[in-house]
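Given next are the chains, with one letter for each unit.
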Amino acid sequence: MTLNTENNKNNSYDGVNYSTQPQPGVKDKYFKGQYADEEVIAFFRDHWIKLLPELIIFCAALALMAGLIFNFGAITNASPSIFVSRIMLFFAVMVFGYLIHRFFWKIISYFFHTVILTNFRIVEVAKVLFVIFVHDSQQTFDMKEVQDIQKKQDGFWKNVLRFGTLIIMMSSSDIKTINYVPNPDYHFRLVISIKRTY
């Protein structure tokens, strides 16, 4: 991958390259804050295994709710009064409604969390959906500040399901950890390749 050297010459002054700075009047192409001459190389979301515990809880709650509905008559007969059985049903519906809300909230938050690899930097975009608010955060790490990158993929399931962790060490001694990276070998080699080309 090569950058347009002619554009780099036009955007330089006194030996300083300004091509990585946002250009006024240029609309963000793929994500908010994208530079004018910045290319998106790849992007990824967390591995699907992150949603597995939520899926198990949701399926268990669904099975319990179905059993409660189909056996509501027997539960009513066994309860001391109709009022008590209705109270139990009310709380069961409330708990099930909360679990449904939590499950879909987790799915939406999962798709709103994205890591973008460009020819200049690593961008992590996270949007967390609350009841009526959306928390929007964005972290960027310039390739020139990346000193070293490590890949961790310990354990049987991480190797079988192909997910792991990328540990990025910055020049400021900060350490950035990206968990649940799908196909960590590919993204590890890709970041190294972008870093060498930068």
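Because the structure is predicted, anything quoted here is derived from the model rather than measured.

**Student:** Explanation requested: the pattern of salt bridges in the structure shown.
**Tutor:** A complete count under the given rule lists five salt bridges for this structure. As a salt-bridge pair, Glu 38 and Arg 121 come within 2.8 Å of each other at their nearest N and O atoms. On the criterion of sequence distance, the pair formed by Glu 38 in the loop between strand S2 (16-17) and strand S3 (40-44) and Arg 121 in strand S5 (residues 121-129) is long-range, its members being 83 residues apart. Residue Arg 121 is classed as buried on the basis of its relative accessible area, which comes to 4%.

**Student:** When you look at the layout of surface pockets in this model, what are you seeing that I'm missing?
**Tutor:** Rolled over the atoms, a probe with the dimensions of a water molecule shows which regions are left empty. Quantified by volume, the largest pocket comes out at close to 340 Å³. Taken together, the elements giving at least two residues each to the lining of the largest pocket come down to S3, helix H4 (82-112), strand S4 (114-118), S5 and strand S6 (134-142). The class makeup of the residues in the lining of the largest pocket is eight nonpolar, two polar and four charged. Here the second largest pocket is characterised by a volume of approximately 240 Å³. Lining the second largest pocket are Asp 46, Lys 50, Leu 51, Glu 54, Trp 105, Lys 106, Ser 109, Tyr 110, His 113, Ala 126, Lys 127 and Val 128. Listed by contribution, the elements that provide at least two residues to the lining of the second largest pocket are H4 and S5. The greatest single-element share of the lining of the second largest pocket, amounting to four residues, is contributed by H4.

The rules behind the values
Residues numbered from 1 in each chain as written. Predicted model: local features only at pLDDT ≥ 70, side-chain atom pairs only at ≥ 80, totals over all residues. Heavy atoms only, no water. Salt bridge = Lys/Arg side-chain N within 4 Å of Asp/Glu carboxyl O. Helix = DSSP H or I, 4+ residues; strand = E, 2+ residues; numbered from the N terminus. Buried < 20%, exposed > 50% of the residue type's maximum accessible area, 1.4 Å probe, protein only. 1 Å grid on protein atoms, 1.4 Å probe; cavity = no way out; pocket = protein on both sides within 12 Å on 5 of 7 lines; lining within 4 Å. Points joined across faces, edges and corners; volume = space filled by probe spheres on them. Nonpolar A, V, L, I, M, F, W, Y, C, P; charged D, E, K, R; others polar.

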